[in-house]
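As a plain string of letters, each chain reads:
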Amino acid sequence: MFTPRISARVRAIKISATKEMPMIAAKVGGCVSLGQGVPSFATPSLVAEAVLRELAANPAAGKYSLQPGLLDLRRAVSDLIAREKGFAPDPDSEVAITVGAMEALLCAVCALVDRGDEVLVPEPFYPSHVEQIVMAEGKAVLTPLRRSDWGLDVAALRAAVTPRTRAMLISSPHNPTGAVFAEADLRAAAELAIEKDLAIICDDTYDYLSYDAPAFSLAQIPEVRDRLVGVGSFSKRYALTGWRVGFFYAPAGLMAEMLKVHDCTAICAPTPSQHAALAALHAPESMCLEFKDELRKRRDLACARLDALAPIVSYVRPAGAFYVMARFHLPEGREMSSRELAVRFIHEAKVITVPGDAFGPGGASSLRLSFGAAEEELNEAFDRIEGWVRREFGK
Ligand SMILES: Cc1ncc(COP(=O)(O)O)c(C=O)c1O
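On a predicted model such as this, the values are computed, not experimentally measured, just so you know.

A. Region of the structure containing the sheet that holds strand E5 (residues 165-171). Here 7 strands make up an open sheet; going across it, the order is E2-E8-E7-E6-E5-E3-E4 and the pairing mixed. What marks the edges here is a single partner per strand, and that holds for strand E2 (95-98) and strand E4 (139-144). Each neighbouring strand pair of the sheet contributes to a mean axis angle of 20 degrees, computed without reference to strand direction. As judged from the 4 bridges shared by E2 and strand E8 (residues 246-249), these two strands associate in the antiparallel manner. Counterpart to Ala96 in the pairing with E8 is Phe248. Contacts from helix H5 (residues 100-112) reach E2, E5, strand E6 (199-203), strand E7 (228-233) and E8, with the element oriented near 160 degrees to E7.

B. Structural detail: the layout of surface pockets. Computed from the structure, the largest pocket encloses a volume of approximately 410 Å³. Lining the largest pocket are 23 residues, and of these Gly37, Met102, Tyr126, Tyr206 and Lys236 sit closest to its centre. If you list the elements that add at least two residues to the lining of the largest pocket, you get helix H2 (17-28) and H5. For the lining of the largest pocket, the element with the most residues is H5, which contributes 4 residues. Taken together, the residues of the lining of the largest pocket sort by class into 7 nonpolar, 11 polar and 5 charged.

C. A look at the packing of H2 against helix H12 (residues 338-349). Relative orientation of the contacting elements H2 and H12 amounts to 30 degrees, with a least axis distance of 9 Å. When the axes of H2 and H12 are compared, the pair comes out roughly parallel. Helix-helix and strand crossings are classified by hand; for H2 and H12 the assignment is right-handed. Note on element contacts: H12 touches H2 through Arg339, Ala342, Val343, Ile346 and His347, opposite Glu20, Met21, Ile24, Ala25 and Val28. Of the residues assigned to the contact of H2 with H12, the class counts are 7 nonpolar, 1 polar and 2 charged.

D. Helix H8 (residues 183-195), seen in detail. Compared with the 18 Å implied by 1.5 Å per residue over 13 residues, the 18 Å span of H8 between its first and last C-alpha is a close match. Considered for burial, the residues of H8 that qualify are Asp185, Leu186, Ala189, Ala190, Leu192 and Ala193. An end-on view of H8 places all buried positions within 160 degrees of arc, on one side of the element. For H8, the exposed residues lying more than 90 degrees away from the buried face are Ala184 and Glu191. Looking at the packing, one finds that the buried side of H8 touches helix H7 (154-160), E5 and E6. Among the residues trailing H8, Asp197 stands out with phi positive, at a value near 60 degrees.

E. Molecular detail of the pairing of strand E10 (residues 323-328). Within E10, 5 of the 6 residues are buried, which leaves it mostly tucked inside the rest of the structure. Alignment of strand E9 (residues 313-314) against E10, held across 2 bridges, turns out to be antiparallel. Note on E10: the bridge partner recorded for Ser314 is Arg327. Here E10 runs beside strand E13 (residues 366-370); their pairing, made up of 5 bridges, is antiparallel. Each bridged residue has a counterpart across the sheet, and for Met325 the counterpart in E13 is Arg368.

F. Spatial organisation of empty space enclosed by the protein. Under the counting rule described, the total for this entry stands at 3 cavities of 30 Å³ or more. Here the largest cavity defines a volume of roughly 80 Å³. If you go around the largest cavity, the residues you meet are Leu80, Glu84, Asp204, Thr205, Asp207, Gly232, Ser233, Phe234, Arg237, Tyr238 and Phe247. Looking at the lining of the largest cavity, the elements with two or more residues in it are helix H4 (71-85) and E7. If you trace the second largest cavity, you find it lined by Val121, Pro122, Phe125, Tyr126, His129, Leu169, Ile170, Ser171 and His174. Breaking the lining of the second largest cavity down by element, the ones donating at least two residues are strand E3 (118-123) and E5.

G. Spatial organisation of the site of the ligand. Taken together, 14 residues sit near the ligand, with Ala101, Asp203, Tyr206, Ser233 and Ser235 positioned nearest. In this structure, an oxygen atom belonging to the ligand sits 2.6 Å away from a side-chain N or O atom of Ser235. At a threshold of 2 Å from the grid points, most atoms of the ligand map onto the largest pocket. Counting residues per element, the shell around the ligand draws most heavily on H5, at 4 residues. Class assignment of the residues belonging to the shell around the ligand gives a composition of 5 nonpolar, 6 polar and 3 charged.

H. Spatial organisation of the pattern of salt bridges. Overall, the coordinates contain 32 salt bridges when judged by the stated rule. The closest approach of N and O atoms between Arg158 and Glu195, which form a salt bridge, is 2.9 Å. Of this pair, Arg158 sits in helix H7 while Glu195 sits in helix H8; the two residues are 37 residues apart in sequence, bridging distant segments of the chain. Salt-bridge contacts for Arg227 lead to Asp197; the nearest nitrogen and oxygen are separated by 3.1 Å. Taken together, the residues span a long stretch of sequence, with Arg227 in the loop between E6 and E7 and Asp197 in the loop between H8 and E6 at a distance of 30 residues. A relative accessible area of 15% means that Arg227 is categorised as buried. Taking the relative accessible area as the measure of exposure, Asp197 reaches 58% and is therefore exposed. Among the ionic contacts, a cluster of salt bridges with common partners joins Asp212, Arg299, Asp300 and Arg317.

Rules used throughout
- Residues numbered from 1 in each chain as written.
- Predicted model: local features only at pLDDT ≥ 70, side-chain atom pairs only at ≥ 80, totals over all residues.
- Heavy atoms only, no water.
- Pairing = 2+ DSSP bridges.
- Helix = DSSP H or I, 4+ residues; strand = E, 2+ residues; numbered from the N terminus.
- Axes fitted to C-alpha atoms, helices over the stretch in contact; angles between N-to-C directions.
- Contact = heavy atoms within 4.5 Å.
- 1 Å grid on protein atoms, 1.4 Å probe; cavity = no way out; pocket = protein on both sides within 12 Å on 5 of 7 lines; lining within 4 Å.
- Points joined across faces, edges and corners; volume = space filled by probe spheres on them.
- Nonpolar A, V, L, I, M, F, W, Y, C, P; charged D, E, K, R; others polar.
- Parallel < 35°, antiparallel > 145°, perpendicular 65-115°, else oblique.
- Left-handed = near helix turned anticlockwise from the far one by under 90°.
- Expected span 1.5 Å × (residues − 1).
- Buried < 20%, exposed > 50% of the residue type's maximum accessible area, 1.4 Å probe, protein only.
- Arc of directions from axis to C-beta.
- Near = heavy atom within 4 Å.
- Polar contact = N/O pair within 3.5 Å; in protein donor to acceptor, adjacent residues only side chain to side chain.
- Sits in = over half its atoms within 2 Å of the grid points.
- Salt bridge = Lys/Arg side-chain N within 4 Å of Asp/Glu carboxyl O.

Structure (structure tokens):
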């Protein structure tokens, strides 16, 4: 029998715990999920209808698009960036449509990272950021976020720079902490990137989902645009996770290199999904405002339910995205790893969460909870957690 020899590159990476926990839960059955980052909303009907119309009327809608994406969509993305980041990338040479933000990130990492190159990644981190760097044979250098508020610690970034540092990968609003980084800290990080001549990968997947004030992005700083790859997603803002469509913008020279990766991994983003993205961009603003308002209410609900679990649980109130890191302070002698806790939650409380240590040392003793689920499901999950905590610790 043939035994494939798996490449060292792939042996070095793993499937993220976000996806592993639902697989364990599927065997247990009857679980409610605070796990994966999926907003509960269905595809907006005006998006679904626009795609059906397009497929019926336009034979090209079911075929490959141009490799960087439909020109109309690239134009619409450029308009969006102009409105929100203050400059309009050239739709012809500086914008491409990808298979989700994930593929855009992969294009950026493959184009920028050579074997042994270091990329600064604030920690707790989004696991796929690190896995992509490892897959490119680079080194993700983890720099801790401030533990008090999960803010961007620019002194920690600075201390981690070496002659091998090539880039920083910054994402705000942030997964898994829900932090929205302060403008002053992002400006200081931009200055560091200029001073040390680093590229910036700016993952703005959650940029719209900032509940208390608009999120500032590194992409809004003109001085770093020549070194910045901006990454965007239709998944969260428009509730289109399954359509797998995102985008990146970058200076034309870098873009041309990134497109080589895009070509040999995906050819193009799925064309029907590009039509979905175009319809979403043309939809009235009220559509995504409603999603955002609903998620803000769910954030408040999740925080209120967590408050009721004090002092066993503490957390930093998330200002964006739809995650909160819930830290468990277990009684002495009852400590367990976050993975053990997450697995026990699945078996004994029938609630899916993600173990915090999957996101780096800052996630130890914590579970990442997503509040993307509908209110009823959130309440059910927290009722179960509360019951488990009471049974286990007599709280
Ligand atoms: C920080 C971050 N970046 C990128 C992605 C991938 O998004 P997409 O669905 O657009 O590929 C996610 C998904 O959860 C994410 O949390």
